[in-house]
Amino acid sequence: MKKISKYILLFVAAIAVTSCDDYLDVQPIGRVIPETLDQYRAVLTKGYSVYPRHKSLTAVRTDELTLNEDSSELNLFKDVYFWKDANPDSFTTPFQYQALYNVIFYTNVIINDANGKLSASAQKDQLVGEAYALRAMAYFDLINLFGKPYNASTAASDKGVPLALQIDLEQAYLPQSVEVIYNQAISDVEKAGQLINLETQTKGINYRFSKVSLYSLESRIYLYQQKWQKSLDAANKALAINSNLVDLKATPVLANKYDSKESILALEDMYSTGLKGTSFASAVLLGAYNKTTDLRYPLYFTGSGSRVRIQKGVDDEQKCSFRTSELYLIKAETLLKLDNLADAKTTVLTFIKNRYTPAGFTQLESDVTAMTAADLTTFILAERQREFAVEGQRWFDLRRTTQKEIVHSFNEEEGTLIQNDPRYTIAYPAGARLNNPNL
């Protein structure tokens, strides 16, 4: 993915937008339009390569981390840690609103231009399908950062984000509703499904969308909308292609690596270098694990006391957007919501058998068998917390479920995100509001 074709250097419009980091407001000074399949592939490769690290930043807002007072980069994250979105310190790392629209810019080039220029072929269909899928993912992430959590009764009126489907420099980009953005993401997924023809991608280019990663995205979107049957159906389609799980009893390795047999889409950096040096695992996160029987604990963490480091993230080998473990947990959750308690338990047990010692699993098997639906719901969400630690899932899981109270303290300062706090929806970054008064 790092080897971007020379043709992208000729694409002056894209470079103009990238350098100014604001697709919705900057007028490019000129451009050279791609003409061949290879040139368009280079454009989309650039779109993939600039997908931002916003999920890493969301971890700072959760109950997963505490700050390291000795870090020289503390000022980049402190106001995020205390949810000071309205008037953050000028050094604070902003959430990547513009960067996600930058990704959308590249996908729009493919969607709007490639169809009329390229001859019909399976390769063209795959390319355009990937562009639709990547655009769907970008809008889904935008609405889950800057829009309210999906609520079927209010989504049509809840404020979302602007919708930019064309490269139109004269258009006034107004925020659309949460419903409109979700509908667009689903529409893009459906169009991608008509075009993508590769079931999986080869390791090394598995940052690109395939059928299995598209179904995984579809399942996640419907999960957040609480459309349980549709989410389950999509998860089952993905699992029909790849149902592999890493058995940590036999292979004690991180399952989120791009070359893991669990890997489905290896696109995003989940835990950045700067953040890794500025944070430790929180007591809440560490307390979620049975340190004796949970085989993930020694893989994920190192150290003791209040200064436990997280071993995930940082290197390119751990790029991860979707993996099979999420599909199992989505399947269990949706089965439970559809009142199929028995199959939900079976699915949970299939997953956790690969994550605990034999003795630990034997006890959990007994526990899960005896659980009520409410107990199993709690257990599934706790497994998601454990499995996806600092992979960018926690903030979004909290938003779509309990929106629990979180208390953060650092030195003498303490802050509280109360239950159902409006700050579970992140404010538009100041730069975005300055560039687009319509926000």
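Quantities reported herein were computed from a predicted structural model and do not represent experimental measurements.

**Some thoughts on the overall build of the protein**
- On a plain count of helices and strands, the protein comes out with 19 helices and 10 strands.
- Computed over its C-alpha atoms, the radius of gyration of the protein comes to 21 Å, within 12% of the 22 Å expected for a compact globule of 439 residues.
- Once the C-alpha set of the protein is aligned to its principal axes, its extents read approximately 65 × 50 × 45 Å.
- Sorting the 439 residues of the protein into buried and exposed places 57% on the buried side.
- Across the protein, every contact between residues at least 6 apart in sequence was considered, and the portion connecting residues at least 24 apart equals 72%.
- With the model as given, the accessible surface of the protein reaches about 17,600 Å², and the carbon-plus-sulfur share is 50%.

**A word on the nonpolar core**
- By size, the foremost hydrophobic cluster in this structure holds 130 residues, and its most contacted members are Ile 110, Leu 142, Phe 146, Phe 209, Phe 301, Ile 352 and Leu 376.
- Broken down by element, the residue count for this core peaks at 15 residues, all from helix H7 (residues 122–146).
- Excluding residues that lie within four positions of it along the chain, Phe 209 makes contacts with Tyr 48, Gln 126, Glu 130, Ala 133, Leu 134, Met 137, Ile 196, Gln 201, Leu 214, Leu 217 and Leu 265.

**Quick notes on empty space enclosed by the protein**
- For the structure on display, the rule yields 4 cavities of 30 Å³ or more.
- What the largest cavity holds in volume is close to 100 Å³.
- Forming the boundary of the largest cavity are 13 residues, of which Lys 55, Arg 220, Gly 392, Gln 393 and Phe 396 lie nearest the centre.
- Counting residues per element, the ones that place at least two in the lining of the largest cavity are H7 and helix H9 (211–224).
- Ranked by residues supplied to the lining of the largest cavity, first place goes to H7 with 3 residues.

**Some remarks on the environment of Tyr 271**
- Relative to the helices and strands, Tyr 271 is located in the loop between strand E4 (263–265) and helix H11 (273–278).
- By relative accessible area, which is 1% here, Tyr 271 ends up buried.
- Between the alpha carbons of Tyr 271 and Ser 325 there is a distance of 19 Å; along the sequence they are 54 residues apart.
- In this structure, Tyr 271 is in contact with Ser 56, Leu 65, Lys 276, Ser 279, Ile 310, Lys 312, Gly 313, Val 314 and Val 390, ignoring residues within four places of it in sequence.
- Here the side chain of Tyr 271 touches Ser 279 through a polar contact of 2.6 Å, side chain to side chain.

**Re helix H3 (residues 37–49)**
- A rise of 1.5 Å per residue sets the reference length of H3, with its 13 residues, at 18 Å; its end C-alpha atoms lie 18 Å apart and thus fit the reference within 8%.
- In terms of burial, H3 is largely enclosed, as 10 of its 13 residues are buried.
- Of the residues making up H3, those classed as buried are Gln 39, Tyr 40, Arg 41, Ala 42, Val 43, Leu 44, Thr 45, Lys 46, Gly 47 and Tyr 48.

**Considering the pattern of salt bridges**
- For the structure on display, the rule yields 34 salt bridges.
- Measuring nitrogen to oxygen at the nearest pair gives 2.8 Å for the salt bridge that ties Asp 141 to Lys 55. With Asp 141 in helix H7 and Lys 55 in helix H4 (residues 54–61), this pair connects stretches of sequence that are 86 residues apart. With respect to class, Asp 141 is no different from Lys 55; both count as buried.
- Notably, a salt bridge pairs Arg 307 with Asp 70, separated by 3.2 Å at the nearest N-O pair. Of this pair, Arg 307 sits in the loop between strand E6 (301–302) and strand E7 (309–310) while Asp 70 sits in the loop between strand E1 (65–67) and helix H5 (74–81), and the two are 237 residues apart along the sequence.
- Residues joined in a network through salt bridges with shared partners are Glu 262, Asp 294, Arg 296, Lys 312, Arg 323, Arg 355, Glu 383, Arg 386, Glu 387 and Glu 391.

**Remarks on the side chain of Lys 124**
- Here Lys 124 shows up in helix H7.
- Here Lys 124 is buried and forms no salt bridge, its nearest opposite-charge partner Asp 125 lying at an N-O distance of 5.8 Å.
- A polar contact of 3.2 Å, which involves the side chain of Lys 124, links it to the backbone oxygen of Leu 118.
- Dropping the residues within four chain positions of it, Lys 124 is found in contact with Leu 37, Ala 114, Asn 115, Leu 118 and Ser 119.

Parameters at a glance
- Residues numbered from 1 in each chain as written.
- Predicted model: local features only at pLDDT ≥ 70, side-chain atom pairs only at ≥ 80, totals over all residues.
- Heavy atoms only, no water.
- Helix = DSSP H or I, 4+ residues; strand = E, 2+ residues; numbered from the N terminus.
- Rg over C-alpha atoms; globule rule 2.2 N^0.38 Å.
- Buried < 20%, exposed > 50% of the residue type's maximum accessible area, 1.4 Å probe, protein only.
- Contact = heavy atoms within 4.5 Å.
- Areas by Shrake-Rupley, 256 points an atom, 1.4 Å probe, with all protein chains shown as cover.
- Core = buried A, V, L, I, M, F, W, Y, C linked by side-chain atoms within 4.5 Å.
- 1 Å grid on protein atoms, 1.4 Å probe; cavity = no way out; pocket = protein on both sides within 12 Å on 5 of 7 lines; lining within 4 Å.
- Points joined across faces, edges and corners; volume = space filled by probe spheres on them.
- Polar contact = N/O pair within 3.5 Å; in protein donor to acceptor, adjacent residues only side chain to side chain.
- Expected span 1.5 Å × (residues − 1).
- Salt bridge = Lys/Arg side-chain N within 4 Å of Asp/Glu carboxyl O.
- Lys, Arg positive; Asp, Glu negative; His and termini not counted.

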